[in-house]
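Listed below, chain by chain, are the residues.
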Amino acid sequence: MTHPTVRERGKSPASSRKIELVALEESVTVIEQVVRNSFGIQRESIGVEVIRILGFSRTNDEMRNAVEVMIDSLLANGRLKQVGLHIVVSSAD
């Protein structure tokens, strides 16, 4: 499976730096990357890290909620799973 390139948005105009403009596939790639690189991570820590990697300097409720919805979806479809207090990647891709 090919993964989309994660783009740096830090130097983009403010009008282009909106979480809803980030491709779903790119966000999913970053979420899985954060979880995989952490060897498991507490759910509440995922959002801030994902948003930072996507190039946003600040986190707001809209961004955190968007990431939470994606995490829910990844848990529901089995790409991520909850193990105790941590979220882990279900299998190696």
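Quantities reported herein were computed from a predicted structural model and do not represent experimental measurements.

*Asks:* Before we go on, may I ask you to explain helix 1 (residues 24-38) in this structure?
*Replies:* Every α-helix carries 3.6 residues per turn, so stepping three or four residues along brings you back to the same face. Taking 1.5 Å per residue as the helical rise, helix 1 with its 15 residues ought to reach 21 Å, and the 21 Å between its terminal C-alpha atoms agrees with that figure. Looking at helix 1, one finds that the buried residues are Glu26, Ser27, Val28, Thr29, Val30, Ile31, Glu32, Val34 and Val35. One or two positions beyond helix 1, positive phi appears at Phe39, with a value near 55 degrees.

*Asks:* Honestly, the pairing of strand 3 (residues 86-89) in this entry has me stumped. Any pointers?
*Replies:* For strand 1 (residues 41-42) and strand 3, the ladder comprises two bridges, and the chain directions are antiparallel. In the sheet register, Ile41 faces strand 3, and the bridge partner there is Ile87. Pairing geometry for strand 2 (residues 80-83) and strand 3, over four bridges, is antiparallel. Within the sheet, the bridge partner assigned to Leu80 lies in strand 3 and is Val89. Between strand 2 and strand 3, which follow one another and run antiparallel, lie two residues, and Gly84 among them has a positive phi close to 65 degrees.

*Asks:* Looking at this model, I keep getting lost on the sheet that holds strand 1. Mind explaining?
*Replies:* Paired through backbone hydrogen bonds, the strands of a sheet run either parallel or antiparallel to each other. Taken together, the three strands give an open sheet; going across it, the order is 1-3-2, and neighbouring strands pair in antiparallel fashion. Strands with a single pairing partner mark the edges of an open sheet, and in this sheet they are strand 1 and strand 2.

*Asks:* Help me out: how do you make sense of unusual backbone geometry in this one?
*Replies:* Despite not being glycine, Phe39 has its phi angle at roughly 55 degrees, a positive value. Inspection of the secondary structure assignment puts Phe39 in the loop between helix 1 and strand 1.

*Asks:* Explain the packing of helix 1 against helix 2 (residues 43-53) here, please?
*Replies:* In helix packing, the relevant descriptors are the interaxial angle and the interaxial distance, both defined with respect to the helix axes. Relative to each other, helix 1 and helix 2 sit at 120 degrees, their axes nearing to 9 Å. Of the possible angle classes, the one that applies to helix 1 and helix 2 is oblique. Both helix 1 and helix 2 take part in a crossing whose hand is right-handed. Contacts between helix 1 and helix 2 involve Val30, Ile31, Gln33, Val34 and Val35 from the former and Ile46, Glu49, Val50 and Ile53 from the latter.

So, how was this worked out
- Residues numbered from 1 in each chain as written.
- Predicted model: local features only at pLDDT ≥ 70, side-chain atom pairs only at ≥ 80, totals over all residues.
- Heavy atoms only, no water.
- Helix = DSSP H or I, 4+ residues; strand = E, 2+ residues; numbered from the N terminus.
- Expected span 1.5 Å × (residues − 1).
- Buried < 20%, exposed > 50% of the residue type's maximum accessible area, 1.4 Å probe, protein only.
- Pairing = 2+ DSSP bridges.
- Axes fitted to C-alpha atoms, helices over the stretch in contact; angles between N-to-C directions.
- Parallel < 35°, antiparallel > 145°, perpendicular 65-115°, else oblique.
- Left-handed = near helix turned anticlockwise from the far one by under 90°.
- Contact = heavy atoms within 4.5 Å.

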